[in-house]
Amino acid sequence: MSMTLDPRTLDSKIPDGSLADKWDNFKANEKLVNPANKRKFKVIVVGTGLAGASAAATLAELGYQVDAFTFHDSPRRAHSIAAQGGINAAKNYRGDGDSVHRLFYDTIKGGDFRSREANVHRLAQVSVNIIDQMVAQGVPFAREYGGMLDNRSFGGAQVSRTFYARGQTGQQLLLGAYQQLARQIGIGNVRLFNRTELVDIVNIDGRCAGIVVRDLMTGEVSSHSAHAVVLATGGYGNVFFLSTNAMACNVTAAWRAHRRGALFANPCYTQIHPTCIPQSDDFQSKLTLMSESLRNDGRVWVPKMAGDLRAPQDIPEDERDYYLERLYPSFGNLAPRDISSRAAKRAIDSGQGVGPKQNGVYLDFGDAIGRLGRNVVSERYGNLFDMYERITGENPYETPMRIYPASHYTMGGLWVDYELMTTVPGLYAAGEANFSDHGANRLGASALMQGLADGYFVLPYTISNYLSQWLNKSIPDTSHPEFARVEAEARDRYHRLASIGGTRSPDYFHRELGKIIWDYCGMERTEAGLDKALSEIPALYEEFSKDLRVTGGEDGLNQTLEKAGRVEDFFELGMLMCRDALEREESCGGHFRAEHQTAEGEALRDDENFAHVSAWEWTGDATQPNLHKEPLAYEEVDFQTRSYK
Amino acid sequence: MSGTLKNLTLKIWRQSGPADGGRFDTHVIDEITDEASFLEMLDILNERLVESGEEAVVFDHDCREGICGTCSLMINGQAHGPERATATCQLHMRKFSSGDTIVIEPWRASAFPIVRDLMVDRSSFDRIVESGGFITAATGGAPDANLTPIPKPVADAAMDAAQCIGCGACVAACPNGAANLFTGAKVSHLNLLPQGQAERYQRVENMVETMDEHFGSCTNHGECEAACPKEISIDVIALMNSDYRKAKTINRKSLSRV
């Protein structure tokens, strides 16, 4: 029994009032649950990254019963931990002209006017609380000699509003949130289910009633019921196979929710990050990000002459093209990610690529080392330089880094309303798993901000608005036959995957799928390419269904089987991504349709026809999704052509 | 510049579960580029095993950027292998030579029971953090972040300790299977900061005593520091011990007068 969706109900529930007042108005009018009644409600939180850990900890602190699920061995492993550069907040500690409004506007503009205005404004408002909260928890942010917090700049901003902890900001923030979660686990307010993966959602009587999970240690499939379920399960960047995501990042939780009635919004909005270490061989398992913060001091260049194979130090200054500084003088090397990535692609496509495979551009610290000295550069970026050297065998203090764009983040995700609820009542999505705040392109240092905003400062307020109606009413528990039915479906699915008996591993199919998506739905998309992808993906999926080989059986620990399930969901998502990219006949942010560009090769939006969120409904056939549109009506901001020149 | 390694012999620990005695299996890698990471070599081996109908070698790994702390492995008897300050996932084949025999084992420590093959259960680390590795700071009640200036050397020292990735190499390298470097790092991170002072002595007491329930005792070998992929100094153990001693004698009611 899947949800039946009434198309008229795509209501974003934006509160009344002026943009700056909406969040206060919401809080003033929402329904609350009194402290003594909170313990009567159970909330399931899936995922323990920044959004999940902060939501679970805060909900438990408030008094709700919380069950938290992670497929990792410990909540601290979630991929938020790998974020390097920083977290934005409109603190204006520099006195350089920052404000809530400016952070809001930068984010809307950075997202190429494709995000929801009210959500973005709320994000900018609560950004200041996040820094206060994290400092109180003991996050050792970088400080100046006077003891005050330090800041740096990130792409798409002309102020310094990024707080950081060396090159390990995500790690420190996640450990902060994890420690709050650990405290709640220790005192018994949160039950943690580790090494447990969500495999389905259960809906009963028009609301989400719980989840079905698989214990990765035993293979056992079981059910958990709750008053509300929060998915904080991250993005789907691993659909490209090669990405900066961790190996286990996957779309399964979001996709299973989608198949049960949650609309999936803007799947074609994927972020290709400009500064990753280029691929070195065909067996590479992932790509490694070099933080955007490096562009504060590093200068991006390629040789002016195509096919110039000289060593970088042998190329004289006047034969180098510092193309970001040339094309975007006011933002220079800190042009936003989508713009910088496409500029790198253009340089490489025109034969100016560098390195053994000519698949990179230089990120050069020669000037910075000359100006600041090696010690200062090392203090700012030392751990990133060390990581670069370990991976490439080259010393970036002596020879420029080679970088190339790679899949990094996904702006698309489960459609949510202002309260972060999906189209399934009682099912919420937070952090990268939802679609709401970054439009068609996310600015650097804003993912950590959004994950923590959702988990600490949005969801704990909005969830009571839904829960209050269930006070002292009975809800179905796991003895309801629907749980047994969904469990049986999940068991059948893993049994099917384990017993196809073909010849190829899940990794083989993932790699082949990733190539198709990267080639046709990566940095540049065309109608012909997307049509091709939409015929190749189902064909490869057919092959997967017949030729997959999973050894080790379905009972007990089986990493090959886990991977097979995740790859299968990537197939269906991949089809939806291409379909969405085909349907969106404009270029915006990370979605670049070659047919729609300016004479200078920049993205050309079509606000007349595409100023909407594309929210896709599952119909039972992956090739025939149903499109719903949420118009983007801006009250405060005018649509403008995005320029960083 | 890249090259190729030939004829590597891998001796890999296989163990079907906690009750199984376990054994070494030998696999030969005929050829691999030295650009490959160590775990990519295992990926290639696993793909070959699966496609020939055998079970893949189970190992923990995730971010492959040396930060999540999921990966482990004793490589030729060294936690995270031969390269200093490097987690297994960041180790590359250029550190090995053609013809090498490489012995790959799980972490070996009684507090980290083997789950299967190269995967161990490190949840005892989580128990230590749950017992006190936090600053109690309910959401929403925090004062302005710049209210309390923190001298840069203090913030830097806290960050040096906070870098711990929780991989467990310190325990695996320790002849006693002690977790003092891990626990010391967490205690130091929080006890150095002004925000951590209110719970400082309760924290160290709870964490040390939880640690002692699971792990062996520290006898200052220093193997942990040498194995740590984040180069955390054993100074953190001294700080923890010093705070633990004080915790046992100090009158907490008069803490604000100290």
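Residues numbered from 1 in each chain as written. Chains lettered and ligands numbered in written order. Predicted model: local features only at pLDDT ≥ 70, side-chain atom pairs only at ≥ 80, totals over all residues. Heavy atoms only, no water.

A. Looking closely at the overall build of chain B. A count of helices and strands for chain B gives eight helices and seven strands. Looking at chain B residue by residue over its 258 residues, the buried ones come to 58%. Sequence separation of 24 or more characterises 69% of the internal contacts of chain B that already satisfy a separation of 6 or more. Carbon and sulfur atoms provide 48% of the accessible area of chain B, an area that totals close to 10100 Å². The positive charge centre, built from 24 side chains, and the negative charge centre, built from 35, are 8 Å apart in chain B. (Helix = DSSP H or I, 4+ residues; strand = E, 2+ residues; numbered from the N terminus. Buried < 20%, exposed > 50% of the residue type's maximum accessible area, 1.4 Å probe, protein only. Contact = heavy atoms within 4.5 Å. Areas by Shrake-Rupley, 256 points an atom, 1.4 Å probe, with all protein chains shown as cover. Lys, Arg positive; Asp, Glu negative; His and termini not counted. Charge placed at Lys NZ, Arg CZ, Asp CG, Glu CD.)

B. Spatial organisation of the overall build of chain A. Helices and strands together make up the secondary structure of chain A, namely 17 helices and 19 strands. At 24 Å, chain A has a C-alpha radius of gyration in line with the 26 Å of a compact globule built from 645 residues. For chain A, the spread of C-alpha atoms along the three principal axes comes to 75 × 60 × 50 Å. When the 645 residues of chain A are sorted by exposure, 68% land in the buried category. Of the contacts made within chain A by residues no fewer than 6 positions apart, 75% connect residues no fewer than 24 positions apart. Accessible area for chain A stands at about 20400 Å²; split by element, carbon and sulfur atoms hold 47% of it. (Rg over C-alpha atoms; globule rule 2.2 N^0.38 Å.)

C. Spotlight on the domain arrangement of chain B. Residues and elements named next belong to chain B. In terms of domain boundaries, chain B breaks down into domain 1 (4-116) and domain 2 (123-257). The interface is formed by 17 residues belonging to domain 1 together with 17 residues belonging to domain 2. Carbon and sulfur atoms make up 61% of the area that domain 1 and domain 2 hide from each other, which totals about 1300 Å². When the area that domain 1 buries against domain 2 is broken down by residue, the three leading residues are Ala85, Ala111 and Phe112, summing to 33%. The closest approach of N and O atoms between Arg84 and Glu231, which form a salt bridge, is 3.2 Å. If you look at where domain 1 meets domain 2, you find three residue pairs in polar contact (both at pLDDT 80 or more). (Domains from an automatic or database assignment. Buried area = accessible area lost by both parts, 1.4 Å probe. Salt bridge = Lys/Arg side-chain N within 4 Å of Asp/Glu carboxyl O. Polar contact = N/O pair within 3.5 Å; in protein donor to acceptor, adjacent residues only side chain to side chain.)

D. Structural detail: the domain arrangement of chain A. Residue and element names in this part refer to chain A. Each assigned domain of chain A is listed here: domain 1 (273-407) and domain 2 (481-611). The straight-line distance from the C-alpha centre of domain 1 to that of domain 2 is 30 Å. Taken together, the contact pairs twelve residues of domain 1 with eleven residues of domain 2. Summing both sides of the interface, domain 1 and domain 2 together bury roughly 840 Å²; the carbon and sulfur share of this comes to 57%. The interface formed by domain 1 and domain 2 includes zero salt bridges. Where domain 1 packs against domain 2, one counts three residue pairs in polar contact (both at pLDDT 80 or more). Elements supplying a minimum of two residues to the side of domain 1 that touches domain 2: helix H9 (337-352) and strand E15 (401-410).

E. Expanded view of the pairing of strand E12 (residues 299-303) of chain A. Residues and elements named next belong to chain A. Across the five residues of E12, five count as buried, placing the element largely inside the fold. Residues Arg299, Trp301 and Pro303 line one face of E12 and the alternating positions Val300 and Val302 line the opposite face, and both faces are buried. Here E12 pairs with strand E14 (residues 361-364) via three bridges, running antiparallel. Across the sheet, Val300 pairs through a bridge with Leu363, a residue of E14. One ladder, built from two bridges, connects E12 with strand E13 (residues 320-321); its direction is antiparallel. Within the sheet, the bridge partner assigned to Pro303 lies in E13 and is Arg320. (Pairing = 2+ DSSP bridges.)

F. Inspection of the sheet that holds strand E1 (residues 42-46) of chain A at higher detail. Residue and element names in this part refer to chain A. Taken in spatial order, the five strands of this open sheet run E5-E2-E1-E9-E17, and their pairing is parallel. Each edge of the sheet is formed by a strand with only one pairing partner; in this case those strands are strand E5 (190-193) and strand E17 (427-429). Direction aside, neighbouring strands of the sheet carry axes that sit 20° apart on average. Inspection of the sheet shows strand E2 (residues 65-69) paired to E5 by four bridges, in the parallel sense. Across the sheet, the residue bridging to Val66 is Val190, located in E5. (Axes fitted to C-alpha atoms, helices over the stretch in contact; angles between N-to-C directions.)

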